Amino acid sequence: MSADRVISVRGLSLWYGAFRALDRVDLAVVPGEILSMIGPSGCGKSTLLRCFNRMNDQPYVRTEGDLEVAGYDIMAPKTDVLALRRDVGMVFQRPNPLPLSIRDNVLFGVRLHASRTPKSEQEGLMQDALEQVLLWDQVKDRLHDDAETLSLEARQKLCIARLLPLKPKVLLMDEPCSALDPNGIGAVEELMGSLRGKYTQVVVTHNMQQARRISDRCVFMLMGELVELGATVDVFTRPKDERTARYIEGRYG
């Protein structure tokens, strides 16, 4: 993989049985950027996102093409999926903290993948992760509390914090704000902005204003096809494809 690409997609197609969900997608994602993916429901954006850490492995799913993420050949049967998911973390629509304390949630990946890390170093990793997601001041005196006692916004931040101690190369976010109120949306968007440059972030969103606010580049997808990719400001103000313009103007989808 080229040093200027952390994700490289070439001619990627995917079928669920006889249904073609992705149609010859080409895409390159560069380190440190925030890339948003927009499009109507069922257009393939979440399917594409899930390909990046091989969450579409099912007997009824067939893929063609080439896909490299964070140095992993996603299509290769020999690829270590556990190692891949250590380096390519996933955040889902609804916060899904583990039924553990706040501390143990953050350290879960360390104990799974790097169990020999000294306890003193683990504590430093935990604090650093919580500081990065702007949660440390809120929880530093209640680290033994059950993670489910946190607000939805704080739980989503915790789910992001859980990925950070292992220094992932890519963060995948599938509608990370869909369950949040406006204040929670603003807080998570602020967090995503603070992580820009430190981590590559690929974000699926139905909220076009959110895509405009947070992303450096934007992908518009339709019926499994990557229709347009460009700087976010260009996609929203000077779209090259009429289908993109119709969607952005509310005339489609």
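The structure we're discussing is the one just above.
The present account deals with the structure reproduced in this document. (Residues numbered from 1 in each chain as written. Predicted model: local features only at pLDDT ≥ 70, side-chain atom pairs only at ≥ 80, totals over all residues. Heavy atoms only, no water.)

**Concerning the pattern of salt bridges**
Inference 1: Per the stated rule, a full pass over the model turns up 20 salt bridges.
Inference 2: Among the ionic pairs, R103 bridges to E123, the shortest N-O distance being 3.0 Å. Of the two residues, R103 sits in helix α3 (residues 102-113) while E123 sits in helix α4 (residues 119-132), which places them 20 residues apart along the sequence.
Inference 3: Residue E123 is classed as partly exposed on the basis of its relative accessible area of 25%.
Inference 4: Among the ionic contacts, a cluster of salt bridges with common partners joins R20, D23 and R24. (Salt bridge = Lys/Arg side-chain N within 4 Å of Asp/Glu carboxyl O. Helix = DSSP H or I, 4+ residues; strand = E, 2+ residues; numbered from the N terminus. Buried < 20%, exposed > 50% of the residue type's maximum accessible area, 1.4 Å probe, protein only.)

**A look at the sheet that holds strand β8 (residues 200-204)**
Inference 1: Ordered by their spatial adjacency, six strands build an open sheet running β6-β7-β8-β3-β9-β10, and the pairing between neighbours is mixed. One side of each edge strand has no neighbouring strand; the edge strands of this open sheet are β6 (88-91) and β10 (225-231). Going across the sheet, the axis of each strand differs from the next one's by a mean of 15 degrees, ignoring polarity.
Inference 2: As judged from the four bridges shared by strand β3 (residues 34-38) and β8, these two strands associate in the parallel manner. (Pairing = 2+ DSSP bridges. Axes fitted to C-alpha atoms, helices over the stretch in contact; angles between N-to-C directions.)

**Some points on the environment of L107**
Inference 1: Relative to the helices and strands, L107 is located in helix α3.
Inference 2: Among the residues examined, L107 registers a relative accessible area of 0% and is labelled buried.
Inference 3: Taking C-alpha positions, L107 is 14 Å from E131, a pair spaced 24 residues apart along the chain.
Inference 4: In contact with L107, other than residues within four places in its own chain, are Q122, E123 and M126. (Contact = heavy atoms within 4.5 Å.)

**Regarding the sheet that holds strand β4 (residues 61-69)**
Inference 1: Strand order in this open sheet of four strands is β2-β1-β4-β5, and the pairing throughout is antiparallel. Of all the strands in the sheet, just β2 (19-29) and β5 (72-73) have a single pairing partner and so form its edges.
Inference 2: Where strand β1 (residues 7-16) lies against β2, seven bridges are found, and the strand directions are antiparallel. For L12, the partnering residue across the bridge sits in β2 and is V25.

**Quick word on the nonpolar core**
Inference 1: In this structure, L130 and L158 are the most contacted members of the largest nonpolar core, which totals 35 residues.
Inference 2: Secondary structure elements with two or more residues in this core: α3, α4, α5 (136-139), α6 (152-161), β7 (170-174) and α7 (182-195).
Inference 3: The element that contributes the greatest number of residues to this core is α7, accounting for five residues.
Inference 4: Not counting chain neighbours up to four residues away, the residues in contact with L158 comprise P97, I102, N105, V106, L130, L135, A147 and L150.
Inference 5: Formed by 34 residues, the second largest nonpolar core is a distinct cluster that contains V9, L14, V25 and V29. (Core = buried A, V, L, I, M, F, W, Y, C linked by side-chain atoms within 4.5 Å.)

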